Amino acid sequence: MIQVAVLGYGTVGSGVVEVIEKNKEMVNKKAGEGLNVKYILDLRDFPGDPYEQKLVHDFAQILEDDEVKIICETMGGVGPAYTFTKQALNAGKSVCTSNKELVAAHGPELIALAKEHNCNYLFEASVGGGIPIIRPLNYSLTAERIEEITGILNGTTNYILSKMEKEGADFDDVLKEAQEKGYAERNPEADVEGHDACRKIAILSSLMTGKNVDYNQIYTEGITKITSRDFDYAKSMGMSIKLLALSKEIGEDTLAMVAPCLISSEHPLHMVNGVFNAVFVKGNMLGDSMYYGRGAGKLPTASAVVSDVIDCARHIGKVIMCFWDNEDAKLLNIDDIERKFFFRIKSGSAEKTCALFKGAELVRLPEVPEECGIVTPVMKEKEFATLYEQLGDERIGTRIRME
């Protein structure tokens, strides 16, 4: 019997216990040995909970118990979770986590620590909730040189954008509805400003390159400036707007960024709507593949944590290889990246704008004669920014990149 401890009895932590208990027969069979949740660590008490007798308030009780071989860290944050994870790995206990903040901030250090102590640090649930993506990158695609990863990695923003597109609603109204339904936090900044997706693409980029991609260095832009009118133009062009997190190897360097983008109906991520997430991966031999599913939620995320627990149980005393070194990847400045851009201007400025952006295309909506859209030719970010600034008050709303 392999004893397991769960740190944090919130949404994901309680889900982990539920998955192990509900699917016990199957989980034990796949682990090759019986798994038992011996401890649940939380500061709170849960009177009447079916697992109340497993609750403890002191991590030392778990750390000093030699029977505990695997720990599920579902606390979140980079405070006590970091300290407890390091202590567990130093004690030779494997750690499985859903904590994207901790993985993005200290991934290579904790992976190296696990290797040093002949145990494992696994984090499938840190990206994409229940979507298997970490394991495919580490196992299934090891013969590939991954050239590009593009993902819709945040269910909250995808839900908001999908509702805006479908119903013609404004951002603030849809955000409020998302908060009422529990799809968005009371403080939604991490989601709507792109920080959550940024940490996730940093993790995927690190696995893609084998080097450390610092999320603090990734260009990140949220969705707060996107309007229902932008979706009117997108629809007229047969496109949609998605918050994309992307990573691409360009020569010896890496481009990583998070930003709302216009994508065509032919793009594989075009059909990903609502709270669903998807990760599009391009390999140099396999070509294109995509991983799709629920990117968050109690049981999907818990399922991914338990899949790591099973992997750890199969490899007690053995290190599962993960190629993510301490060496920092060289990130490209986005100024020199080339792409098309879309933006809106007052109708009276159309001629001036087309002269400024040579080769630009006009997009008009009959119902809004007072303005028009502009699609630029392919140009560098820096060049676009310089010309765009010259338009001053003639601009309406924000510019959107075209992918």
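Scope of this entry: the structure provided in the associated data block. Note that this is a predicted model, so its numbers are computed, not measured.

This brings us to the packing of aromatic side chains. Tallied over the entire structure, the rule returns 13 aromatic pairs. On the basis of an interplanar angle of 50 degrees and a centroid distance of 5.3 Å, the ring pair of Phe343 and Phe357 is categorised as tilted. Highlighted residues: Phe343 in strand β13 (residues 338–346) and Phe357 in the loop between α13 (350–356) and β14 (361–363), separated in sequence by 14 residues. Each member of the pair, Phe343 together with Phe357, is buried. Between Phe357 and Phe384, the ring centres sit 5.7 Å apart and the planes meet at 45 degrees, which makes this aromatic pair tilted. A residue pair is termed long-range when its members are at least 10 positions apart, and Phe357 in the loop between α13 and β14 and Phe384 in helix α14 (residues 381–390) qualify at 27 residues. Exposure class is identical for Phe357 and Phe384. Each is buried.

This model, assessed by the stated rule, comprises two cavities of 30 Å³ or more. Each pocket or cavity is described by its volume, and for the largest cavity that value is around 100 Å³. Looking at the largest cavity, the residues that line it are Leu122, Phe123, Glu124, Ile134, Arg135, Asn138, Tyr139, Asp308, Asp311, Ile320, Met321 and Cys322. Going through the elements one at a time, α6 (134–140) and α12 (298–314) are the ones with two or more residues in the lining of the largest cavity. No other element matches α6, which puts four residues into the lining of the largest cavity.

Once that is clear, we can look at a nonpolar patch on the surface. A grouping of Met271, Met290 and Tyr292 is seen on the molecular surface, where their side chains present a nonpolar patch of about 280 Å² in accessible area. The topology assignment puts Met271 in the loop between β10 (253–264) and β11 (276–283).

Within the secondary structure layout, Asp288 lies in strand β12 (residues 287–294). In this structure the C-alpha to C-alpha distance between Asp288 and Glu371, which are 83 residues apart in sequence, comes to 39 Å. In this structure, Asp288 is in contact with Phe280, Val281 and Lys282, ignoring residues within four places of it in sequence.

There is about 1,300 Å³ of room inside the largest pocket. Along its surface, the largest pocket is lined by 49 residues, and Val12, Lys100, Glu185, Ala296 and Gly297 are the ones closest to its centre. Looking at the lining of the largest pocket, the elements with two or more residues in it are α1 (11–22), α4 (80–90), α5 (100–116), α7 (155–167), α9 (189–192), α10 (195–209) and α12. Of the residues belonging to the lining of the largest pocket, the class tally is 17 nonpolar, 20 polar and twelve charged.

Before going further, it helps to examine the nonpolar core. Membership of the largest hydrophobic core comes to 82 residues, with the highest contact counts inside it found for Ile62, Tyr121, Phe123, Ile160 and Leu204. Apart from residues no more than four positions distant in its own chain, Leu204 is found in contact with Val127, Ile133, Ile134, Leu137, Ile149, Leu153 and Val279. One finds Ala31, Ile40, Ala313 and Ile320 within the second-largest nonpolar core, a separate group that totals 30 residues.

Tallied over the entire structure, the rule returns 27 salt bridges. Linking Arg135 and Glu124 is a salt bridge whose minimum nitrogen-to-oxygen distance equals 3.6 Å. Of this pair, Arg135 sits in helix α6 while Glu124 is found in the loop between β6 (121–122) and α6, placing the two residues eleven residues apart along the sequence. On the basis of relative accessibility, which here comes to 3%, the residue Glu124 falls in the buried class. What emerges from the salt-bridge pattern is a single network uniting Glu221, Arg339, Glu381, Arg399, Arg401 and Glu403.

The element β11 is largely enclosed, with a buried count of six among its eight residues. Note: β11 against β12, eight bridges, orientation antiparallel. Bridging across to β12, Ala278 finds its partner in Tyr292.

The next thing to look at is the sheet that holds strand β2 (residues 35–41). Spatial ordering of the open sheet is given by β3-β2-β1-β4-β5-β6, a layout of six strands whose pairing is parallel. The open sheet has two free edges, formed respectively by β3 (55–56) and β6, since each of these has just one partner strand. Across five bridges, strand β1 (residues 2–7) lies against strand β4 (residues 68–73) in parallel orientation. Among the inter-strand pairings, Gln3 is bridged to a residue of β4, identified as Val68.

The subject of this paragraph is α4. Structurally, the α-helix is built with 3.6 residues per turn, so residues lying three or four positions apart point the same way. Turning to α4, its buried residues number three or more, namely Ala81, Tyr82, Phe84, Thr85, Ala88 and Leu89. Immediately beyond the C-terminal end of α4, within one or two residues, lies Gly92, with a positive phi of roughly 80 degrees.

The next point concerns unusual backbone geometry. Despite not being glycine, Asn118 has its phi angle at roughly 60 degrees, a positive value. Take Asn118: its relative accessible area is 41%, and that puts it in the partly exposed class.

The rules behind the values
Residues numbered from 1 in each chain as written. Predicted model: local features only at pLDDT ≥ 70, side-chain atom pairs only at ≥ 80, totals over all residues. Heavy atoms only, no water. Phe/Tyr/Trp six-rings, centres within 6.5 Å; stacked < 30°, edge-to-face > 60°. Helix = DSSP H or I, 4+ residues; strand = E, 2+ residues; numbered from the N terminus. Buried < 20%, exposed > 50% of the residue type's maximum accessible area, 1.4 Å probe, protein only. 1 Å grid on protein atoms, 1.4 Å probe; cavity = no way out; pocket = protein on both sides within 12 Å on 5 of 7 lines; lining within 4 Å. Points joined across faces, edges and corners; volume = space filled by probe spheres on them. Patch = residues over 30% accessible without salt bridge, like charges linked within 9 Å, V, L, I, M, F, W, Y side chains within 5 Å. Areas by Shrake-Rupley, 256 points an atom, 1.4 Å probe, with all protein chains shown as cover. Salt bridge = Lys/Arg side-chain N within 4 Å of Asp/Glu carboxyl O. Contact = heavy atoms within 4.5 Å. Nonpolar A, V, L, I, M, F, W, Y, C, P; charged D, E, K, R; others polar. Core = buried A, V, L, I, M, F, W, Y, C linked by side-chain atoms within 4.5 Å. Pairing = 2+ DSSP bridges.

Function cannot be inferred from these measures alone, as they are strictly geometric.
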